[in-house]
2 protein chains.
Amino acid sequence: MMQSSYQTTACVPIELQERSYAIDIGADLLHGMARQAALPTGTAALVVTNDTIQPLYGAALVATLQERYPAVHTVVLPDGEEHKTWQTLNLIFDALLTHGCDRKTVLYALGGGVIGDMTGFAAACYMRGVPFVQVPTTLLAQVDSSVGGKTAINHPLGKNMIGAFYQPRLVVCDLATLDTLPARELAAGLAEVIKYGPIADMELFAWLEQHMDALLARDRAALAHAVKRSCEIKAAVVGADEREAGLRAILNFGHTFGHAIEAGMGYGVWLHGEGVAAGMVMAAELSRRLGLVDAAFVERLTRLIARAGLPTRAPVLDAQDNAGRYLELMRVDKKAEAGEIRFVLIDGPGQAVMRAAPDALVRGVIDQCCAVA
Amino acid sequence: MMQSSYQTTACVPIELQERSYAIDIGADLLHGMARQAALPTGTAALVVTNDTIQPLYGAALVATLQERYPAVHTVVLPDGEEHKTWQTLNLIFDALLTHGCDRKTVLYALGGGVIGDMTGFAAACYMRGVPFVQVPTTLLAQVDSSVGGKTAINHPLGKNMIGAFYQPRLVVCDLATLDTLPARELAAGLAEVIKYGPIADMELFAWLEQHMDALLARDRAALAHAVKRSCEIKAAVVGADEREAGLRAILNFGHTFGHAIEAGMGYGVWLHGEGVAAGMVMAAELSRRLGLVDAAFVERLTRLIARAGLPTRAPVLDAQDNAGRYLELMRVDKKAEAGEIRFVLIDGPGQAVMRAAPDALVRGVIDQCCAVA
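Calculation notes
- Residues numbered from 1 in each chain as written.
- Chains lettered and ligands numbered in written order.
- Predicted model: local features only at pLDDT ≥ 70, side-chain atom pairs only at ≥ 80, totals over all residues.
- Heavy atoms only, no water.
- Helix = DSSP H or I, 4+ residues; strand = E, 2+ residues; numbered from the N terminus.
- Rg over C-alpha atoms; globule rule 2.2 N^0.38 Å.
- Buried < 20%, exposed > 50% of the residue type's maximum accessible area, 1.4 Å probe, protein only.
- Contact = heavy atoms within 4.5 Å.
- Patch = residues over 30% accessible without salt bridge, like charges linked within 9 Å, V, L, I, M, F, W, Y side chains within 5 Å.
- Areas by Shrake-Rupley, 256 points an atom, 1.4 Å probe, with all protein chains shown as cover.
- Salt bridge = Lys/Arg side-chain N within 4 Å of Asp/Glu carboxyl O.
- Lys, Arg positive; Asp, Glu negative; His and termini not counted.
- Charge placed at Lys NZ, Arg CZ, Asp CG, Glu CD.
- Least-squares fit on C-alpha atoms with pLDDT ≥ 70 in both.
- Buried area = accessible area lost by both parts, 1.4 Å probe.
- Polar contact = N/O pair within 3.5 Å; in protein donor to acceptor, adjacent residues only side chain to side chain.
- Expected span 1.5 Å × (residues − 1).
- Pairing = 2+ DSSP bridges.
- Axes fitted to C-alpha atoms, helices over the stretch in contact; angles between N-to-C directions.
- Phe/Tyr/Trp six-rings, centres within 6.5 Å; stacked < 30°, edge-to-face > 60°.
- Lys NZ or Arg CZ within 6 Å of the ring centre and 35° of its normal.
- Domains from an automatic or database assignment.

Undergrad: Is there a simple way to explain the overall build of chain A in this structure?
TA: Per the secondary structure count, chain A includes 12 helices and 11 strands. Whereas a compact globule of 373 residues would reach a radius of gyration of roughly 21 Å, chain A reaches 20 Å, a difference of no more than 12%. Across its three principal axes, chain A shows a C-alpha extent of roughly 60 × 40 × 35 Å. Expressed as a percentage of its 373 residues, the buried residues of chain A come to 62%. Excluding contacts between residues fewer than 6 apart, the proportion of contacts in chain A whose partners are at least 24 apart in sequence is 76%.

What follows is the structure, given as structure tokens:
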């Protein structure tokens, strides 16, 4: 038997009026979740997970939830970004309706960002809204999707095009679950941690430069700090702009180029964090060409990204007109307005700014950053 | 050319803090909508309508919206409750993405309740939320779905199981569009108008007894009053309970039995309002058997429903165990909690109450109200 205590290393409060909740961070939290008083009450729980995570942690979560709910059901989805579709989402609705789940049912998202996005969206829509709890098992999900309430599925014509802003009741980041995370996915999560440096906190950035080896070795104290600071920074930004009217968009540093990479390569070929990593280098270089940062800053960011084991060069998406293909993909990004691409740029280290850029300048950046290494 | 003025007969304000909006009521409003300053601004408009309504009013709405938006697109869905599915909803997303519509796109729902429900849900989900305006062309949609922000699609295992609470920016009830409404659908709309009497306002009920002929003759002054009072009553209830925590459920008078009728017959066989009509007789009879109202009240309600041309007797859903089938269907209703059916009953004329009832009593009501006439 695993221990069933519930000792958090840190707790980040997310302040959103009546939608406020806490992010608990610690090791082996999963087994003792029944001891967390903040779990929503309900007539039943449905654990939504995937076929990779279920064999690892499914039974432990179900066991602890059975202490709190009269009935605990599980639905296992296929693993992978390519399954973040309506068809897969519908498996959750099928499970809920087949089990006769009512409005007092609580959904548990056990898995990475895809599971969190789909479970959150299912919770937002099922009977027009039931409570949900996130138990993110990837670093990316712990530092990114645990704050902000963004839920969504993909559409064949665009990523995250269909979704809702919907907040969880609680997020439990069990650092022990990161032990089973593939190295490539750990690195992808670090891309989002690195991101918080240039846009908001160069102190975190310097800390990352000092502790990158500890993070890659999955040192729990280092991971706890990285998760805590990431959630705190994101919470401060989201708290000021829950519905993404303005400020919140700075969290998409690297994402405009990154989404183009993901879409252009076909979802799932590059991991989200990998696209963001190469995309941050491109956005930093664009910032430099606009005179906002110097070359030393671009170099420093590129070096940290490389140390995390992440790509610093973007893929060629079209042999004939690569820059044209990037621009085409970025114009259908959700942040675009009437076809004008809004870039998140760095206006001096630790400070982000949103602005458009001349196509010629963007083409130059793409040509430079996609050149064969 | 039709007139293009915009003269409202009445305007009902819906107070929901930052989600407040107005319901404009009048004749020939459609053609002059560009003159209504409250239309949301945007880079484009998408008119969502069906193949029945599009030939009647599509061109007029597009023409007036072209005065306000750089681009106006239309998507025409197949007409009918059986098309209130994910597959049809996806046609809206396909249109939005094919036209490259961004977050500043405004959706216009031109049609009845199905169009309103699907357009509202699409607006709630597209890029996690874009504005929408309702232009309801059925009496049911004008008096019911124009207030409350309920949007949804059906799932094979249940009606309205997947949806969102999402408010329109404006509702335009053009009474002239009711001229083309089939008599059966006009009657179905009157079922919801009648409903507001027993649960909240017996003055409206008495007015309906006096003006039923004028309403059936589509007298615009009578229609304007019926729409206005219905929206006002619903607004008062919804304003006190936007997310359906308690009070709002009284609006479902007749709906628990009604939904069972719709589901049991197969969606679209009975109109929603027809199910509600027979369902109200059943709920009133259940109220009587619980000692809450007298037989004279049940008789008076039944008579008014009949005068509107609506069914007062429920269909037999199962030749072997009809009451059992009704109970089974009602137990999966969204209002049920842990399998216990919550009925909206009349606790004296003009006053609703939510409560459970013994199965035996409910079976008696079903046996009586479904008996061959």
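Undergrad: Help me understand a negative patch on the surface in this model?
TA: All names here are of chain A. Together, Asp51, Asp79, Glu82 and Glu185 make up a negatively charged patch on the protein surface. Considering the arrangement of structural elements, one finds glutamate 82 in the loop between strand E4 (72-77) and helix H2 (86-98). Note on glutamate 82: relative accessible area 47%, which makes it partly exposed.

Undergrad: How should the relation of the copies chain B and chain A be read in this particular structure?
TA: Note that the two copies of the chain are related through a rotation about an axis and a translation along the same axis. The transformation that overlays chain B on chain A combines an axial shift of 0.0 Å with a rotation of 180°, and the residual RMSD is 0.0 Å. With respect to symmetry, the two chain copies, as superposed, fit the operation of a two-fold axis. Using C-alpha coordinates, one finds that chain B approaches the rotation axis most closely at tryptophan 86 of chain B, a distance of 4.2 Å. The share of interface residues of chain B whose copies in chain A are also at the interface is 100%, consistent with both copies meeting through the same surface.

Undergrad: Can you walk me through the pattern of salt bridges in this structure?
TA: Between side chains of opposite charge, a pair can form as their charged atoms come close. Residue and element names in this part refer to chain A. Within this structure, the stated rule accounts for 41 salt bridges over all chains. The partner of lysine 159 in a salt bridge is glutamate 81, and the shortest N-O contact between them spans 3.0 Å. Placement of lysine 159 in strand E8 (residues 158-165) and of glutamate 81 in the loop between E4 and H2 is noted, with a sequence separation of 78 residues between them. Note on accessibility: lysine 159 and glutamate 81 belong to one class, buried. A salt bridge links aspartate 213 to arginine 307, with the nearest nitrogen and oxygen atoms 3.5 Å apart. Here aspartate 213, found in helix H6 (residues 202-216), pairs with arginine 307, found in helix H10 (residues 295-307); they are 94 residues apart in sequence, far enough to count as distant. Each of Asp201, Lys228, Arg229 and Glu232 takes part in salt bridges that share partners, so that together they form one network.

Undergrad: Where do I start with the interface of chain B and chain A in this structure?
TA: Where interface size is quoted, it is often the accessible area lost as the parts come together. Listed as interface residues are 35 residues of chain B and, on the opposing side, 35 residues of chain A. Together, the buried faces of chain B and chain A total about 3,000 Å²; carbon and sulfur atoms form 60% of this surface. Taken together, the links from chain B to chain A amount to zero salt bridges. Here chain B and chain A share eight residue pairs in polar contact (both at pLDDT 80 or more) between them. For the side of chain B that touches chain A, the secondary structure elements donating two or more residues are helix H2 (86-98), helix H3 (113-125), strand E7 (150-155) and strand E8 (158-165) of chain B.

Undergrad: Would you mind showing me how to read helix H3 (residues 113-125) of chain A here?
TA: Turn by turn, an α-helix covers 3.6 residues, leaving residues three or four places apart pointing in a common direction. All names here are of chain A. With 13 residues, H3 extends 18 Å between its outermost C-alpha atoms, agreeing within 8% with the 18 Å of an ideal straight helix rising 1.5 Å per residue. For H3, a buried count of 12 out of 13 residues is recorded, marking the element as mostly surrounded by other parts of the structure. Of all the residues in H3, the buried ones are Val114, Ile115, Gly116, Asp117, Met118, Thr119, Gly120, Phe121, Ala122, Ala123, Ala124 and Cys125. Looking one or two places after H3, you find methionine 127, whose phi comes out positive at around 50°.

Undergrad: Is there a simple way to think about the pairing of strand E1 (residues 10-14) of chain B in this case?
TA: In summary, the side chains of a regular strand alternate between the two faces of the sheet. Residues and elements named next belong to chain B. Of the two faces of E1, the one holding Ala10, Val12 and Ile14 is buried and the one holding Cys11 and Pro13 is not buried anywhere. As defined by bridge partners, E1 adjoins strand E2 (residues 21-26) across five bridges and the pair is classed as antiparallel. Bridge pairing in E2 places proline 13 opposite alanine 22. In this antiparallel pair of consecutive strands, E1 and E2, the connection spans six residues, and glutamine 17 shows a positive phi of 45°.

Undergrad: Help me understand H2 of chain B in this model?
TA: For H2 of chain B, with 13 residues, the first-to-last C-alpha span of 18 Å sits near the 18 Å given by 1.5 Å per residue. Where H2 of chain B ends, the next residue or the one after it, glycine 100 of chain B, has phi of about 65°, a positive value.

Undergrad: I would appreciate a short explanation of the sheet that holds strand E2 (residues 21-26) of chain A in the present structure.
TA: Backbone hydrogen bonds are what pair the strands of a sheet, in a parallel or an antiparallel way. Residues and elements named next belong to chain A. Ordered in space as E1-E2-E9-E6-E5-E3-E4, the seven strands form an open sheet in which the pairing is mixed. The open sheet terminates on both sides in strands that have one partner only, identified here as strand E1 (10-14) and E4. Within the sheet, the average angular offset between the axes of one strand and its neighbour, ignoring direction, is 15°. For strand E6 (residues 132-136) and strand E9 (residues 170-174), the ladder comprises two bridges, and the chain directions are parallel. From the neighbouring strand, glutamine 134 faces E9, where its bridge partner is valine 171. Most of the contacts of H2 go to E4, to which it runs at about 160°, and overall it touches strand E3 (44-50), E4 and strand E5 (105-111).

Undergrad: I tried to follow the packing of aromatic side chains on my own but got confused; where do I start?
TA: How two aromatic rings sit relative to each other is given by the distance of their centres and the angle of their planes. If you walk through the whole model with that rule in mind, you get 11 aromatic pairs over all chains. Relative to tyrosine 126 of chain B, the ring of phenylalanine 93 of chain B has its centre 6.5 Å away and its plane inclined at 20°; by these criteria the two rings are stacked. On the criterion of sequence distance, the pair formed by phenylalanine 93 of chain B in helix H2 and tyrosine 126 of chain B in the loop between H3 and strand E6 (132-136) is long-range, its members being 33 residues apart. An aromatic cluster is built from Trp86, Phe93 and Tyr126 of chain A together with Trp86, Phe93 and Tyr126 of chain B, whose rings are joined through pairwise contacts. Of note, arginine 128 of chain B hangs over the ring of phenylalanine 165 of chain A, and the distance from its end group to the ring centre comes to 6.0 Å. Here lysine 195 of chain B stacks its cationic end above the ring of tyrosine 196 of chain B, 4.8 Å away from the centre of that ring.

Undergrad: What is the right way to read the domain arrangement of chain A from this model?
TA: Residues and elements named next belong to chain A. Partitioning chain A into structural domains gives domain 1 (10-180) and domain 2 (183-370). In this structure, domain 1 and domain 2 have C-alpha centres spaced 26 Å apart. Listed per partner, the contact involves 33 residues of domain 1 and 36 residues of domain 2. Buried surface at the junction of domain 1 and domain 2, both sides included, amounts to about 2,900 Å², of which 64% is carbon and sulfur. Across the contact surface, domain 1 and domain 2 share three salt bridges. Close ionic contact of arginine 220 with aspartate 179 constitutes a salt bridge, the shortest N to O distance being 2.6 Å. In this structure, the connection of domain 1 to domain 2 is made through seven residue pairs in polar contact (both at pLDDT 80 or more).

Undergrad: Before we go on, may I ask you to explain the sheet that holds strand E4 (residues 71-77) of chain B in this structure?
TA: Residue and element names in this part refer to chain B. Pairing is mixed across the open sheet formed by seven strands, whose spatial order is E1-E2-E9-E6-E5-E3-E4. Pairing within the sheet leaves two strands with one partner each, and these edge strands are E1 and E4. In this sheet, adjacent strand axes meet at a mean angle of 15° when their direction is disregarded. Both E2 and strand E9 (residues 170-174) contribute to a ladder of five bridges, which runs parallel. Opposite aspartate 24, over in E9, you have valine 172 as the bridge partner. Along the sheet, H3 makes contact with strand E3 (44-50), E4, strand E5 (105-111) and E6, crossing E5 at roughly 170°.

Undergrad: I tried to follow the environment of alanine 222 of chain A on my own but got confused; where do I start?
TA: Residues and elements named next belong to chain A. Structurally, the position occupied by alanine 222 is in helix H7 (residues 220-240). Each C-alpha atom, one on alanine 222 and one on alanine 260, is 32 Å from the other, the two residues being 38 residues apart in sequence. Non-local contacts of alanine 222, meaning those with residues more than four positions away in its chain, are made with Trp207, Ala214 and Leu215.

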